[in-house]
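Chain and residue survey
These are the residues of each chain, in order.
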Amino acid sequence: MRQLAVYLALSLCLLATKMMAQESFEAKAKNIAEKIEKITSEEKANLKSKLEEVNQQLEKGVITTDQANDNKKKLAEATALTIESKVTAVQNELSDLVQQKVDGKLASVDSTKTYGKFLTVSLGEAEKKKEKEKGPKPECRTTSQFVFALGLNNVITNGSADKSDFRYLGSHFYEWGITWSTRLLKNDNLMHLKYGLSVMYNNLRPTDNRSFVVNGNQTNLEVNPVHQDDSRFKNVYLVLPLHMEFDLSNGGDNKGTRLFKTHQGARLGIGGYIGTNLKSKQYLNYDSDGYKTQDITKGDFNTNNFIYGLSAYIGYKDTSLYLKYDMNPLFQNNTIKQNNVSLGLRFDLN
């Protein structure tokens, strides 16, 4: 009977701790990451099925090789747009969650330890000693993280961002994705290879009532004849980031066995990214006969379809200062080369 009471108390302790942890920032962020991962997995599986149908049509001679390649390209683009559309609501949810974290409205999982200790008093000294003897669990050599970043966005023109044609505070970027971190050395926790998949949103807001106008192979900023309340140029990229990460986390020791932990101390990442442009859009907001009007123009705007750049971050635990710079210019053939640059905060939720 006493043993049953002990197990019952332990179950209540774990249940209470779990319920409180569900309200934490980490738990909610993980739940959002799982939603995004589920959306991505389902759409990729759907794409794979459709691509197999195209291959079957090609084998039967129903379509040519060029038609098959064209159909595959269209299916991939449609899938990318579907993923972005479905993730938009989840992305807004994540933005609200980050703001609540900044405002101090969410507790960390660690805050539940006090309640856990209070409830475990009923287990007795022998049970508490047994729990301590188990010690901390070692972390896997490869771990996964949900990454979210946001901040300011602008361009480097002729090697300088001074006197930019775009608003410094009004232009911004967002990024979300999944990464994996692999410890490179068996008995040393310093070096990790960090790789994954991200979606980047780069926004530019021109100054002086200007917007982009395509003139042949040139894309120029021109003054709009109508007074604009706002003008925004957005590019969306699907990229593969790769970083060498130096992690100074202290994992501790368990009965003579060294434990390795990540994202528990200072971190420095140096690397870059490559990817493709999913879409470009320009938004123009203005008054028309007393009505608020928004024009949305979608096209390539002569932007580079391929993107590659350098990036770095430095921080502590899950929060870092993040810098990224596109090595290739924003537009393919413009006389004046403009390279995108972003600076902000990055959250790696391990």
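All of these numbers come straight from a predicted model, not from anything done at the bench. (Residues numbered from 1 in each chain as written. Predicted model: local features only at pLDDT ≥ 70, side-chain atom pairs only at ≥ 80, totals over all residues. Heavy atoms only, no water.)

All right, on to the packing of aromatic side chains then. What characterises a pair of aromatic rings is the spacing of the ring centres plus the angle enclosed by the ring planes. The full count for this structure, using the stated rule, is 8 aromatic pairs. When the centroid spacing of 6.4 Å and the interplanar angle of 20 degrees are considered together, the rings of Trp-180 and Tyr-195 count as stacked. Here Tyr-195 lies in strand S3 (residues 188-204) and Trp-180 lies in strand S2 (residues 172-185), a separation of 15 residues in the sequence. Owing to a relative accessible area of 30%, Tyr-195 belongs among the partly exposed residues under this scheme. Grouping aromatic residues by their ring pairs yields a cluster made of Phe-166, Phe-212, Phe-233, Phe-301 and Phe-331. The aromatic ring of Tyr-283 is capped on one face by Arg-232, whose charged end is 4.2 Å from the ring centroid. (Phe/Tyr/Trp six-rings, centres within 6.5 Å; stacked < 30°, edge-to-face > 60°. Helix = DSSP H or I, 4+ residues; strand = E, 2+ residues; numbered from the N terminus. Buried < 20%, exposed > 50% of the residue type's maximum accessible area, 1.4 Å probe, protein only. Lys NZ or Arg CZ within 6 Å of the ring centre and 35° of its normal.)

A surface patch of nonpolar side chains, amounting to about 610 Å² of accessible area, comprises Leu-268, Ile-270, Ile-314, Leu-321, Leu-323, Leu-343 and Leu-345. Only strand S9 (266-288), strand S12 (319-326) and strand S13 (338-349) provide two or more residues apiece to the nonpolar patch. Mapped onto the elements of the fold, Leu-343 is located in strand S13. On the basis of relative accessibility, which here comes to 44%, the residue Leu-343 falls in the partly exposed class. (Patch = residues over 30% accessible without salt bridge, like charges linked within 9 Å, V, L, I, M, F, W, Y side chains within 5 Å. Areas by Shrake-Rupley, 256 points an atom, 1.4 Å probe, with all protein chains shown as cover. Salt bridge = Lys/Arg side-chain N within 4 Å of Asp/Glu carboxyl O.)

On to the confidence of the model for the protein chain, then. On average, residues of the protein chain carry a pLDDT of 82, and 78% of them reach 70 or more. Considering each helix and strand of the protein chain separately, the mean pLDDT is smallest for helix H4 (residues 113-119), with a value of 44, and largest for S12, with 97. In this model residues 108-123 is a low-confidence stretch, pLDDT under 50, and it forms 19 contacts with partners more than four residues away in sequence or in other chains. (pLDDT = per-residue confidence, 0-100. Contact = heavy atoms within 4.5 Å.)

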